[in-house]
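# Coordinate analysis (summary)
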Amino acid sequence: MGKLILVGTPIGNFEDISLRALKTLEEADLILTEDKRVTLKLINHFELGKKELFTFNEANSEKTMDTVLSLIESHNITALVSDAGMPVLADPGFNLVQRCWENSIKIDVVPGPSALTSALAVSGFPASKFLFLGFLPRGKKLRRLLREIKGFEYPIVFFESPNRIIKTLQEILDNFGEIEVFVAREMTKLYQEFFKGKISEGIKFFESKDQVKGELTVVIFPTRRI
């Protein structure tokens, strides 16, 4: 019977990959990937050789689940990777891991970079306890969520798209008032950028740009006012 290994990959800078992750990807008979093009860049960069890739993402995970389980059982080592960072965290895969447990398929993990923990570490907020929300909902669902977490006494971390960051920060300001915010853009990449300050200043900071690009990780502290 095969084995599934969750492999953390770099969130931007390829030099952040671990030796164990490289060894696992090199030994893997099959790699489950969100996007073959993204994973191929990593494979080719480190010259890991020709690999069998199978697309497994949010759009097809339920439809292909039985096929994927059969593939894992017919291969010696199957690696699960996301486009960046640790698979399953705000990425598809938790349902596959659950099914592997149910079917007594061996599971292992190769830890790696995480936008979540990296942003928390550099934010300067106390991080012994925190709430992670993944990608926030929109519209009424977002406002309902903000009301629910308004009194939360620890940092809250979430991901946001560049075209929504200003609107989301404005929603937080309207609901929480003036609090401190930390935003990391394109972490570990060439154009990495950090902002920390009042949330109203954060709105102005991003409004001043012609265009906001890249991946954003946001940390707020609802009960810590400045």
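Everything that follows concerns the structure shown earlier in this document.
A brief structural summary. (Residues numbered from 1 in each chain as written. Predicted model: local features only at pLDDT ≥ 70, side-chain atom pairs only at ≥ 80, totals over all residues. Heavy atoms only, no water.)

## Brief notes about the side chain of Ser-114
Here is the rule we go by: The secondary structure listing takes helices from DSSP runs of H or I that are at least 4 residues long and strands from runs of E that are at least 2 residues long, numbered from the N terminus. Two N or O atoms form a polar contact when they lie within 3.5 Å of each other; inside protein one atom must be a possible hydrogen donor and the other a possible acceptor, and for residues adjacent in sequence the pair counts only when both atoms belong to side chains.
Among the structural elements, Ser-114 can be located in the loop between strand 5 (106–110) and helix 5 (115–123). From its side chain, Ser-114 meets the backbone nitrogen of Leu-116 in a polar contact 3.3 Å long.

## Some words on the nonpolar core
If you look at soluble globular proteins, the nonpolar side chains tend to sit buried side by side. For clarity, the threshold we go by: By nonpolar core is meant a set of buried Ala, Val, Leu, Ile, Met, Phe, Trp, Tyr and Cys residues that side-chain atoms within 4.5 Å join together. Burial classes follow relative accessibility: with a 1.4 Å probe on protein chains only, a residue under 20% of its type's maximum area counts as buried, one over 50% as exposed, and anything between as partly exposed. A contact between two residues is defined here by any heavy atoms of the two lying within 4.5 Å.
Counting residues in hydrophobic clusters, the biggest one holds 22 residues, and the most contacted among them are Ile-165, Leu-169, Ile-172, Phe-176, Val-181, Val-218 and Ile-220. Listing elements by their share of this core, those giving two or more residues are helix 6 (139–149), strand 7 (156–160), helix 7 (165–176), strand 8 (179–185), helix 8 (199–207) and strand 10 (216–225). Residue contacts for Ile-165: discarding those within four places in its chain leaves Glu-160, Phe-206, Val-212, Leu-216 and Val-218. Counting 16 residues, the second-largest nonpolar core is a separate cluster that includes Leu-22, Ala-28, Leu-53 and Ile-77.

## Structural notes on the environment of Leu-48
Mapped onto the fold, Leu-48 is located in the loop between helix 2 (36–45) and strand 3 (53–55). What makes Leu-48 buried here is its relative accessible area of 10%. Expressed as a C-alpha distance, the spacing of Leu-48 and Leu-22, which sit 26 residues apart in the sequence, is 8.0 Å. Those residues in contact with Leu-48 that sit more than four places away from it in its chain are Leu-22, Leu-25, Glu-26 and Ile-43.

## A closer look at the environment of Glu-52
As for its position among the elements, Glu-52 is in the loop between helix 2 and strand 3. Among the residues examined, Glu-52 registers a relative accessible area of 38% and is labelled partly exposed. Once residues lying within four places of it in the same chain are set aside, the contact partners of Glu-52 are Asp-29, Leu-30, Ile-31 and His-75. A distance of 3.0 Å separates polar atoms of two side chains, one belonging to Glu-52 and the other to His-75.

## Regarding the environment of Thr-33
With respect to the helices and strands, the residue Thr-33 is situated in strand 2 (residues 30–33). On the basis of relative accessible area, Thr-33 is assigned to the buried category, the value being 0%. Discounting chain neighbours no more than four positions away, the residues touching Thr-33 are Thr-39, Leu-53, Phe-54, Thr-55, Phe-56 and Val-81. Separated by 3.1 Å, the side chain of Thr-33 and the backbone oxygen of Asp-35 make a polar contact.

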